[in-house]
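# Report on the structure
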Amino acid sequence: MGERPDITVVGAGIIGCAVAYELGRRGADVRVIDRRNVGCGATQASAGVLAPFIEADHPGPLRALGVRSLELYDEFVADVVADSGDDVPYERSGTLEVATDETALSRLERARQGLVSAGVDCRLLGRAEAREAEPHLGAAAWGALLVPSQGFVGAVALTAALCRAGVRHGVTFLTSRTARRVSVGDGGIEIETTRGPVTSDAVVLAAGSWAGRVVVDGEAPLPIRPVRGQLLRLMWPGAPLARVIWSPRCYAVPWRDGSVLVGATVEEVGFDERATVAGVTTLLDAVRDLLPATRDAGFDEVRVGLRPGTPDDLPALGWSRAVPNLVHATGHYRNGILLAPITARLVADLVLDGREDPLLEAVAPGRFNGA
Ligand SMILES: Cc1cc2nc3c(=O)[nH]c(=O)nc-3n(C[C@H](O)[C@H](O)[C@H](O)COP(=O)(O)OP(=O)(O)OC[C@H]3O[C@@H](n4cnc5c(N)ncnc54)[C@H](O)[C@@H]3O)c2cc1C
């Protein structure tokens, strides 16, 4: 690739936007194409929780990626805010993972021991202490695990800021354009789109749940499946929650504007992006048991997104085996917001410097179907 490589990113969700921003600020000439508009896929529905120690309850590749990404988050948000001029809600006020019976409390105690031995600051709270930490907790709470380093970010605001910051680094966005096929062309890597071909030195495929629908010449489709998530936005009626509250049936994320996001359903229903009565009532029942004050909350909206799932719940990140200079960056499932900074860094290192971080080994797209 030349001095200023010309790179096309397919997909303008958090992953595509983060990758484009990173490539742009490192000097590449970047365009992003999306079949809809920026951030209209799974990203707009996300709660933005940054919790690697909850999402990956044991050491392994997902935990390693999540921890590295969380470490990058302060600097990532500061850079994006500085480059975009936007305000991005971002808090590292901790998470309170609630146990609702004795078995769950024992599981949290084992989790605490594992985290402490890994050097993570955390504390197991009994029933009274948990209520002191969060007075809104209902009688169902038996205790809770407090992890102060975790937190949340405004996923929609962050994606918009990444887009604006990218534009300041010369990134262009071509929307309402669907990528159909990627192949090796005469002048580089060719993408056949609904509005004609696009040729570039390299391509990053970040099409989320739809990644397997883009044909890559010589490669079996990636086994990415959509996993529907419904999420509610309520207007909180009283003194604000201090931090993210997590429980087996739902979680709640408190915003400074007085709203609370309540998530999320996990549904295998294909490419169906509808909100449903069953989804909404399941979440409302769960949050009323966890935080009884929500009985008086205002109901603002329901959001729906399709998480890009993989057979082993790990992302698919790395070179295509069939098309040179094509990188896959998808399959982030429940953790795309958490994993955006590390994904952007790993992909930019790979494409611009040919550097392959050891973290990429476990998430190589080639582990599926010889892709
Ligand atoms: C309810 C819910 C709650 C969540 N909560 C959290 C959370 O708390 N923390 C967390 O870290 N993660 C969370 N997630 C997961 C997170 O939202 C996803 O992992 C992340 O948004 C995936 O980002 P993405 O850019 O890969 O996909 P998407 O945001 O879906 O973006 C993919 C983009 O590609 C475009 N596209 C698709 N096909 C084509 C094509 N052929 N040509 C051109 N463009 C195309 C789409 O239009 C879309 O804009 C949640 C998800 C849901 C649904």
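Coordinates for the structure precede this section.
The present account deals with the structure reproduced in this document. Note that this is a predicted model, so its numbers are computed, not measured. Note on numbering: residues in each chain are counted from 1, in written sequence order. The model is predicted, so local features are restricted to residues of pLDDT at least 70 and side-chain atom pairs to those at 80 or more, both for listing and for counting; the totals for chains, interfaces and linings are taken over all residues. Working from all heavy atoms in the structure, the side-chain values ignore hydrogens and water.

### Things to note about the site of the ligand
Near the ligand lie 39 residues; those nearest to it are D34, T43, V49, Y333 and R334. Two N or O atoms form a polar contact when they lie within 3.5 Å of each other; inside protein one atom must be a possible hydrogen donor and the other a possible acceptor, and for residues adjacent in sequence the pair counts only when both atoms belong to side chains. Backbone polar atom of G336 to an oxygen atom of the ligand: 2.9 Å apart, as the coordinates give it. Surface exposure here means Shrake-Rupley accessible area, sampled with a 1.4 Å probe, where a residue is shielded only by the protein chains that are shown. For the ligand, whose free accessible area comes to 1,000 Å², the fraction covered by protein is 98%. Those elements that place two or more of their residues in the shell around the ligand are α1 (14-25), β15 (225-235) and β19 (298-309). Among the residues forming the shell around the ligand, the class breakdown is 20 nonpolar, 13 polar and 6 charged. Domain start and stop positions are those given by an automatic or database domain assignment. If you count residues domain by domain, the shell around the ligand takes at least three from each of domain 1 (6-82 + 155-224 + 311-367) and domain 2 (93-151 + 225-309). The nearness test applies per residue and asks whether one of its heavy atoms lies within 4 Å of the molecule or strand. Helix and strand definitions follow DSSP, with helices as H or I runs of at least four residues and strands as E runs of at least two, each counted in order from the N terminus. Following the grouping adopted for this structure description, the nonpolar residues are Ala, Val, Leu, Ile, Met, Phe, Trp, Tyr, Cys and Pro, the charged ones are Asp, Glu, Lys and Arg, and the polar ones are all others, Gly among them.

### Quick word on the nonpolar core
In this structure, V9, L23, L158, L162 and V204 are the most contacted members of the largest nonpolar core, which totals 51 residues. For this core, the elements supplying multiple residues, two or more each, are β1 (6-10), α1, β2 (29-33), α3 (61-84), α6 (155-168), β13 (202-205), β21 (326-330) and α8 (340-353). In this structure, V98, I245, L283 and V287 belong to the second largest nonpolar core, which totals 24 residues. Only buried residues count toward a nonpolar core, which is a set of Ala, Val, Leu, Ile, Met, Phe, Trp, Tyr and Cys residues joined through side-chain atoms within 4.5 Å. Throughout this description, buried means an accessible area under 20% of the type-specific maximum (1.4 Å probe, protein chains only), exposed means over 50%, and partly exposed covers the range between.

### Here we look at the sheet that holds strand β20 (residues 316-319)
Whether two strands pair comes down to DSSP finding at least two bridges between them. Spatial strand order, β9-β2-β1-β13-β21-β20: 6 strands in an open sheet with mixed pairing. Whereas interior strands pair on both sides, the edge strands pair on one side only; in this sheet they are β9 (172-174) and β20. When the angles between neighbouring strand axes are averaged without regard to direction, this sheet yields 20 degrees. Relative to β2, β1 runs parallel, the two being bridged by 5 bridges. Bridging across to β2, T8 finds its partner in R31. Contacting β1, β2, β9, β13 and β21, α1 crosses the sheet at an angle of about 165 degrees to β1. Whether two residues touch is decided by their heavy atoms; if any such pair falls within 4.5 Å, the residues are in contact. Here the axes come from fitting lines to C-alpha atoms, over the contacting stretch only for helices, and the angles between their N-to-C directions go from 0 to 180 degrees. Helix-sheet contacts for α8 involve β1, β13, β20 and β21, and the interaxial angle to β20 is about 15 degrees.

### Examining the environment of A104
Position of A104 relative to the elements: it lies in helix α4 (residues 102-117). A residue is classified by how much of its surface remains accessible, and A104, at 17% relative accessible area, is buried. The spacing of A104 and P311 is 207 residues in sequence and 26 Å in space, taken between C-alpha atoms.

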